[in-house]
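Listed below are the residues making up each chain.
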Amino acid sequence: MGNAYCCQPMSLFSPVFSKEYYRLSLKVLETALNQVPAYEPWRAFDPGDDCHVDFRYASMPVLTKEDIRNHSPQGFVPMDRNIQEGSMNKEIEFVETSGTVNERVTNIWNQKWWDASERASWKLNSYTSKIMNGSHLEAILANPLNVGYKSDDKPLPMEKRKLARFLYLNEKTNPLSWSRKHMDRMAKELEKFKPEVLEANPSLLAKLCRYIIESGKIVFQPGLIVLTYELPTSFHYRQISQVFNVPIGSSYGSTETGYVFMQCEHGKFHQNTEFCRVDFQPLKPEHGGPFLGRILVTTFNNLWYYIVRFDIGDLVRLDESGSYPCGRESGLTLSAVEGRTNDVTLTCNGRLVTMRELDNALNVLEDIDEYQLRQETQETYHLHIVTRRKDKRTLNREAAEILGKLYGEKAEITVSYEKAVAPEPSGKYRVSGALFPIKIDAFIDERRCLQKKM
Ligand SMILES: [Zn+2]
């Protein structure tokens, strides 16, 4: 059973999945098709139960955010469950995700399942498995639009930002409004609270770190830093490592899917196979495939909310080395999460460039705090830079050279300097993106996505 599946570049790459993984995959698919209203139209795509489960998955449509908006929450609950009862019994709650009106979705929040998914992900990194045990103290530096307590008009005292073993270090939705006093308070609270783990949005933690570096302060060192909510740029990562001399790992997932990948102590991302199925769809070779592709996530064990083949909106790179120094061989292993599909740009010739590829090119620049690249038309690119570097002329030349190499000779590049890069309405920092629509479906290598293997 384990050697027949679709959607992965078979000849180059063969991940290992357990029997239990296939059992859960099958159970979720059959329940979704037979008992969950949103998937009723998917039955027409099912090649039948004599086909391999991977082929059945590969035959199904993709679940989009829009589908979730259209059917949520009731459409994702099996017909034999009553969400009013579940909510009264406190098994579930309703939560709205952040973002603009068009981006917002009401999800069913199942705390017990979420905690179990998180715990399973801790096993995938030796530091998280040692330090995180469910009773550890954790400080969280996030945008309150994503998690925590919001207060933009007046500061909230520390006691009002604590919840059980968690301390939320920031209550302001706009990081551009952070004062020195606000950042001093964060540093003092770290010292006082002494968290074992600091969980952080990398752009916000990097901002705090730039302040700490500039002011020459010494800051409390937690046992571990877990980055989440966004991908760190190499500049953010550098700024954070300059201040914190502790292991740093990235945790990857979403409100809809729980914890999907965890970065191990060797820097690779391992799939949380106990709690989700991941289907990989490679991009066409001219756009970076077959190792670069998008992922569709199916959740396991959440009896209240069936998410199947959800396009989580990111591109990832499969690890091609085939070596697992940490010994974790089960499930997909990624060498990198490459960035949001919404954040891709195109070269003048139309080749897709991920945020990670752009970042890898720009990371040789020195003394950059932050940046954002906007592609305005097919051949015009505008790079916004935040830097304390005085010699702008050299920096202009260096940046234009790098971008010219990446995007092509015809690329018209403008560089401008900003005081800061503001976050998106979702509260997250956006590194790159085009001002015109780019449909990711056109870049997927369909031929590799549905290969019938019996
Ligand atoms: Zn590993």
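Before any of the text, the structure's been laid out above.
Residues numbered from 1 in each chain as written. Predicted model: local features only at pLDDT ≥ 70, side-chain atom pairs only at ≥ 80, totals over all residues. Heavy atoms only, no water.

With reference to specific residues and values, describe the pairing of strand 12 (residues 292–299).
Most of strand 12 sits out of view: eight of its eight residues are buried. Relative to strand 12, strand 11 (residues 276–282) is paired through seven bridges, and the arrangement is antiparallel. Among the inter-strand pairings, Pro 282 is bridged to a residue of strand 12, identified as Gly 293. The pairing of strand 12 with strand 13 (residues 310–318) spans five bridges and is classified as antiparallel. (Buried < 20%, exposed > 50% of the residue type's maximum accessible area, 1.4 Å probe, protein only. Helix = DSSP H or I, 4+ residues; strand = E, 2+ residues; numbered from the N terminus. Pairing = 2+ DSSP bridges.)

Give a detailed account of the packing of helix 8 (residues 202–215) against helix 9 (residues 234–243), specifying residues and quantitative values.
Any two packed helices are characterised by the angle at which their axes cross and by the distance between the axes. Look at helix 8 against helix 9: their axes get within 8 Å of each other, and the N-to-C directions meet at 50°. Viewed along their axes, helix 8 and helix 9 adopt a mutual orientation that is oblique. Considering the relative orientation of helix 8 and helix 9, their crossing is left-handed. Contact residues: Pro 202, Ser 203, Leu 205, Ala 206, Cys 209, Arg 210, Ile 212 and Ile 213 in helix 8; His 236, Gln 239, Ile 240, Gln 242 and Val 243 in helix 9. (Axes fitted to C-alpha atoms, helices over the stretch in contact; angles between N-to-C directions. Parallel < 35°, antiparallel > 145°, perpendicular 65-115°, else oblique. Left-handed = near helix turned anticlockwise from the far one by under 90°. Contact = heavy atoms within 4.5 Å.)

So what about the coordination of the zinc ion? Which residues, and what values?
Note on the zinc ion: its protein donors are Cys 264 (SG), His 270 (NE2) and Cys 326 (SG). The metal-donor distances range over 2.1 to 2.3 Å. Between consecutive donors of the zinc ion, the numbers of intervening residues give the motif C-x5-H-x55-C. A residue pair is termed long-range when its members are at least 10 positions apart, and Cys 264 in the loop between strand 9 (258–263) and strand 10 (269–271) and Cys 326 in the loop between strand 13 and strand 14 (333–340) qualify at 62 residues. Each member of the pair, Cys 264 as well as Cys 326, is classed as buried. (Donors = N, O, S within 2.8 Å, 3.2 Å for Na, K, Ca; no water.)

Explain the packing of aromatic side chains to me, and be specific about the residues and the numbers.
Throughout the structure, instances matching the rule amount to 13 aromatic pairs. Taken together, a centroid distance of 5.8 Å and an interplanar angle of 70° make the contact between Tyr 39 and Phe 76 edge-to-face. On the criterion of sequence distance, the pair formed by Tyr 39 in the loop between helix 1 (19–35) and helix 2 (53–59) and Phe 76 in the loop between helix 3 (65–71) and helix 4 (83–88) is long-range, its members being 37 residues apart. In this structure, Tyr 39 and Phe 76 share a single accessibility class: buried. Pairing Tyr 149 with Tyr 168 gives two aromatic rings, centres 5.6 Å apart and planes at 85°, and the pair type is edge-to-face. (Phe/Tyr/Trp six-rings, centres within 6.5 Å; stacked < 30°, edge-to-face > 60°.)

If you had to explain helix 10 (residues 355–362) to someone new, which residues and values would you point to?
Among all positions of helix 10, only Met 355, Arg 356, Leu 358, Asp 359 and Leu 362 are buried. Projected down its long axis, helix 10 carries its buried residues within an arc of 160°, all on one side. (Arc of directions from axis to C-beta.)

Report on the sheet that holds strand 14, specifying residues and quantitative values.
In space, the 12 strands of this open sheet follow the order 4-5-3-6-7-8-9-10-14-13-12-11, with mixed pairing throughout. Pairing within the sheet leaves two strands with one partner each, and these edge strands are strand 4 (162–163) and strand 11. As defined by bridge partners, strand 7 (residues 224–227) adjoins strand 8 (residues 248–254) across three bridges and the pair is classed as parallel. From the neighbouring strand, Leu 227 faces strand 8, where its bridge partner is Ser 250. Packing against the sheet, helix 5 (residues 111–122) makes contact with strand 8, strand 9 and strand 12, and its axis sits at approximately 15° to strand 9.

Treat this as a map of the structure, not an account of what it does.
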